[in-house]
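# Coordinates in review
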Amino acid sequence: MILPRNGSPLANALLVAAGILAGFGGGAWIAASWKSAPAPAGRNLPPDSAHHSAPANVPATTLRLDPAAALETARAMTSEQERTDYLRGYYGQWAQSDPAAAAEHARSNLSPGAALSESLTATAHQWGVQDARAAWQWVETGVAGPLKMELQTAILKGWSQRDPAAAASWLAGSGLTAQPFFDTVSAAYAAAQPLAAAAWARSLPDAKSRATAEVGAAREIAAASPSKAAEIFAPEITAPATTTPGKTTPEETLNVTTAITDLWATTDPAAAAKWVGSLPAGPGRAEAAATLATVWAASDIQAAVQWSATIPDAATRQNVIEHLGTTWGAIEPDKALEWLATLPAADAARGTEGALHSWAVTDPEGLGEWLGQSPAGPNTDTARLALGDVLTDTDIAQSMDLALGISQPVARDAALARFYHQWRKSDADSATEWLNTQWPQLPASAQQRLTNEGVRAVTPQ
C-alpha cells in the first residue's frame, strides 16, 4: 500500500478511503510507464550465459502431451476462470520440457484474452528459468503491445530465480527502464542475496529504476525481517532533505521507508514504533511515522492513539495525529472528533481537518446531517469546505451553498471563487444563472471576489 504523504487533506482522505475499501495490507509500488525493449541485438538480448538446462529443482513433467485433447477439455468447461486456470497449468507444465513448443501452440490456438495471456506468462516464466535469451528473442520477434512487457517480466522472473546476480547485471546494462523489470529482479535478488541486491539497486544510474529496485528489495527483505531491511537501507531512510545530482531524491527514498514501515506496522507495530523513535529528525522519520500511524490505526486505533501521546517531538506527534485522524475519520468520525477535541489545539488542528475530509469522502450524507446539527465555527467551516470539494463532481450547486455557509469571510470568498471557477469549466450557463440569481444576497466581499473570478480566463482541463 502506498500511504498518504504530504498532500492535501482531501487527497489523503481519498487514499485512506480507498485503502479501507480495498483492505489494508502490503502493496506494491510499480509505475505504469516503460521504455519498450528494442530489437534483439547486442546488450538488449540476454547473453548466451543465460542459457541453462532445466534446473534440478524443477521436476520433470509427467504431462501427457496431447494438446488437442487439452483444448477440447478446456472448451467443455463452463467457467471462464476454471478454463483459464486449466490452460495456464497445462502450458506451464508443457514449458518445463519444451517451452518453445508450448509458447507457439498457445499463441496459435488460444484467442486473445485472459487464457492466452496467463498461459503465455506461465510459459515465459519457465522458459526464462531454462533459456532467457531464447525466450526474450521469441517475445521480441512475435509479441506486441502490453502483453510483450508482461511476458518479458515473466522471463526475468524465471531467470532471476535461477541466477539473480546474472539477471540483475544484465538488466542494469541493458538500457531498459521498464519499472516492472526492476521490481521483479530486485525482489528475486533480495530473497537470495539481500546485501548484494541492495548494493545493486543503489548503483543503478536511472533515478526511477533505482527507486523501484530499492523498494522491491526493501519490501522483499522486510517480509522476512523488517529490522534487517531497516538496517540495510538506513542510508536511504536517514538521507537528508538535500541530495547530490544523480543520487536518490528524498521523494524516492521515502518509498523505501514506506515499504519497510508498512510491513513492520502490519506484523509488529510496537517494534516499529520504537524504530521510528530512534530515527533522526528528517523526511525519513516523518514518512515512517505517518505510515505507521495509518496502518496501526486501521488495526488497533486505541494502541495507535496511546503511542501518539508518547511522541516527544511536536512535529512528529502532529504528523502522526493527522494521519490517525484521517484514518479514524473514515471509519468512526464521531469518535475521531471526540478524541481530537481532547488534544491541545496545535496538535489537533491537522488531525481534525483530516478526519472531516475522510468523513466527507466516505459518508457525505452523514457529514451533511452533522453540519445541520452543529453550531458555526472552525470545525464546521472545514467540514463545509471538505464536503463541497467532494460534491463538485455531482452537485456543484450544493458546493456553492456549503461555501456560502462558511463563517470566516476570507475562507468563504475563496471557496466560492474556487467552486465557481470549476462550475464555469463544466457548465458555464448554469454557473452564470446561479450567479445572477444569488448576486443580490451575496456579501460585498464575495461579490468582489466573484467579479474577479468572472473576468479571469478559464483554461479547459
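Residues numbered from 1 in each chain as written. Predicted model: local features only at pLDDT ≥ 70, side-chain atom pairs only at ≥ 80, totals over all residues. Heavy atoms only, no water.

Moving on, we get to the overall build of the protein. A count of helical and extended segments in the protein gives 25 helices and zero strands. Counting every position in the protein, which comprises 461 residues, the buried fraction comes to 49%. If you take every contact in the protein between residues at least 6 apart in sequence, the share linking residues at least 24 apart comes to 65%. Accessible area of the protein: about 20,900 Å², with a carbon and sulfur share of 54%. (Helix = DSSP H or I, 4+ residues; strand = E, 2+ residues; numbered from the N terminus. Buried < 20%, exposed > 50% of the residue type's maximum accessible area, 1.4 Å probe, protein only. Contact = heavy atoms within 4.5 Å. Areas by Shrake-Rupley, 256 points an atom, 1.4 Å probe, with all protein chains shown as cover.)

What follows concerns the confidence of the model for the protein. Per-chain confidence: the protein averages 86 in pLDDT, with 83% of residues scoring 70 or above. Note on residues 1–6: pLDDT is under 50 here. Beyond four places in sequence and across chains, it has 26 contacts. When the criterion is pLDDT under 50, residues 53–62 qualifies, and its contacts beyond four places in sequence or with other chains add up to 13 contacts. (pLDDT = per-residue confidence, 0-100.)

This next bit is on the packing of aromatic side chains. In the structure shown here, the tally under the stated rule is 15 aromatic pairs. Ring centres 6.2 Å apart and planes at 50 degrees place the aromatic pair tryptophan 423 and tryptophan 434 in the tilted group. In this pair, tryptophan 423 sits in helix α23 (residues 409–426) while tryptophan 434 sits in helix α24 (residues 428–438), placing the two residues eleven residues apart along the sequence. Exposure remark for tryptophan 423: the relative accessible area of 7% places this residue in the buried category. The class for tryptophan 434 is buried, based on a relative accessible area of 8%. Among the aromatic residues, those joined into a ring-pair cluster are Tyr86, Tyr90, Tyr91 and Trp94. (Phe/Tyr/Trp six-rings, centres within 6.5 Å; stacked < 30°, edge-to-face > 60°.)

So, about the packing of helix α9 (residues 194–203) against helix α10 (residues 207–224). Look at α9 against α10: their axes get within 8 Å of each other, and the N-to-C directions meet at 165 degrees. Comparing their axes, α10 and α9 come out roughly antiparallel. The way α9 lies across α10 gives a crossing that is left-handed. Side by side, α9 and α10 meet where Pro194, Trp200, Ala201 and Arg202 of the first sit next to Arg210, Ala213, Glu214 and Ile221 of the second. Grouping the amino acids of the contact of α9 with α10 by side-chain chemistry returns five nonpolar, no polar and three charged. (Axes fitted to C-alpha atoms, helices over the stretch in contact; angles between N-to-C directions. Parallel < 35°, antiparallel > 145°, perpendicular 65-115°, else oblique. Left-handed = near helix turned anticlockwise from the far one by under 90°. Nonpolar A, V, L, I, M, F, W, Y, C, P; charged D, E, K, R; others polar.)

Summed over all chains, the structure comprises 14 salt bridges. For arginine 83, the salt bridge goes to glutamate 80, with nearest N and O atoms at 2.5 Å. Pair noted here: arginine 83 and glutamate 80 are both in helix α3 (residues 80–97), with a separation of three residues, about one helical turn. Relative accessible area serves as the criterion here: at 18%, arginine 83 is assigned to the buried category. Glutamate 140 is paired through a salt bridge with lysine 148; the nearest N and O atoms lie 3.1 Å apart. Judged by relative accessible area, glutamate 140 falls into the buried class, the value being 11%. With a relative accessible area of 16%, lysine 148 lands in the buried category. Ionic contacts of the salt-bridge type, sharing partners, join the residues Asp85, Arg88 and Glu118 into one network. (Salt bridge = Lys/Arg side-chain N within 4 Å of Asp/Glu carboxyl O.)

Glancing now at the nonpolar core. Judged by nonpolar contacts, the single largest core of 102 residues is most densely connected at Tyr91, Leu171, Phe181, Trp200, Phe233, Ile260 and Trp275. Element by element, the count of residues in this core is highest for helix α5 (residues 114–142), at ten residues. With near-sequence residues (within four places) excluded, tryptophan 275 lies in contact with Ala230, Ile237, Thr257, Ile260, Thr261, Trp264 and Ala288. The next biggest cluster of nonpolar side chains, apart from the first, holds 15 residues, and it includes Ile396, Met400, Ala431 and Leu450. (Core = buried A, V, L, I, M, F, W, Y, C linked by side-chain atoms within 4.5 Å.)

The next thing to look at is helix α22 (residues 396–404). Considered for burial, the residues of α22 that qualify are Ile396, Ser399, Met400, Leu402 and Ala403. The arc enclosing the buried residues of α22, seen along the axis, measures out at 160 degrees, which places them on a common side. Looking at the packing, one finds that the buried side of α22 touches α20 (364–373), α21 (378–391), α23 and α24. (Arc of directions from axis to C-beta.)

The next subject is empty space enclosed by the protein. Regions of empty space are outlined by a rolling probe, equal in size to a water molecule, passed over the atoms. For the structure shown, the criterion picks out two cavities of 30 Å³ or more. Roughly 30 Å³ of volume is contained in the second largest cavity. If you trace the second largest cavity, you find it lined by Ala103, Leu120, Thr123, Ala124, Trp127, Trp138, Val139 and Leu151. Examining the composition of the lining of the second largest cavity, we find that six residues originate from one element, α5, more than from any other. (1 Å grid on protein atoms, 1.4 Å probe; cavity = no way out; pocket = protein on both sides within 12 Å on 5 of 7 lines; lining within 4 Å. Points joined across faces, edges and corners; volume = space filled by probe spheres on them.)

Once that is clear, we can look at the environment of phenylalanine 233. Secondary-structure assignment places phenylalanine 233 in the loop between α11 (226–232) and α12 (234–237). In this structure the C-alpha to C-alpha distance between phenylalanine 233 and threonine 257, which are 24 residues apart in sequence, comes to 8.4 Å. If we ignore the near neighbours within four places in the chain, the residues touching phenylalanine 233 are Ala198, Arg202, Glu214, Ala217, Ala218, Ile221, Val256 and Ile260.

As a further point, take the packing of helix α7 (residues 164–173) against helix α8 (residues 179–192). At a closest axis distance of 9 Å, the pairing of α7 and α8 adopts a crossing angle of 150 degrees. When you trace α7 past α8, the crossing you get is left-handed. When α7 is examined against α8, the residues Pro164, Ala165, Ala167, Ala168 and Leu171 are found in contact with a partner set consisting of Phe181, Phe182, Val185, Ala188, Tyr189 and Ala192.

Tracing the backbone through its elements, the reader meets threonine 84 in helix α3. Classification of threonine 84 as buried rests on a relative accessible area of 2%. In this view, threonine 84 contacts Ala114, Ala115 and Glu118; residues no more than four positions away in its chain are not counted.

Another aspect to go through is the environment of alanine 341. By the secondary structure assignment, alanine 341 is in the loop between α18 (333–340) and α19 (345–362). Residues alanine 341 and threonine 352, eleven residues apart in the sequence, show an inter-C-alpha distance of 8.4 Å.

On to helix α4 (residues 99–109). All buried positions along α4 are accounted for by Pro99, Ala102, Ala103, His105 and Ala106. In a view along the axis of α4, the buried residues occupy a sector of 165 degrees, so they form one face of it.

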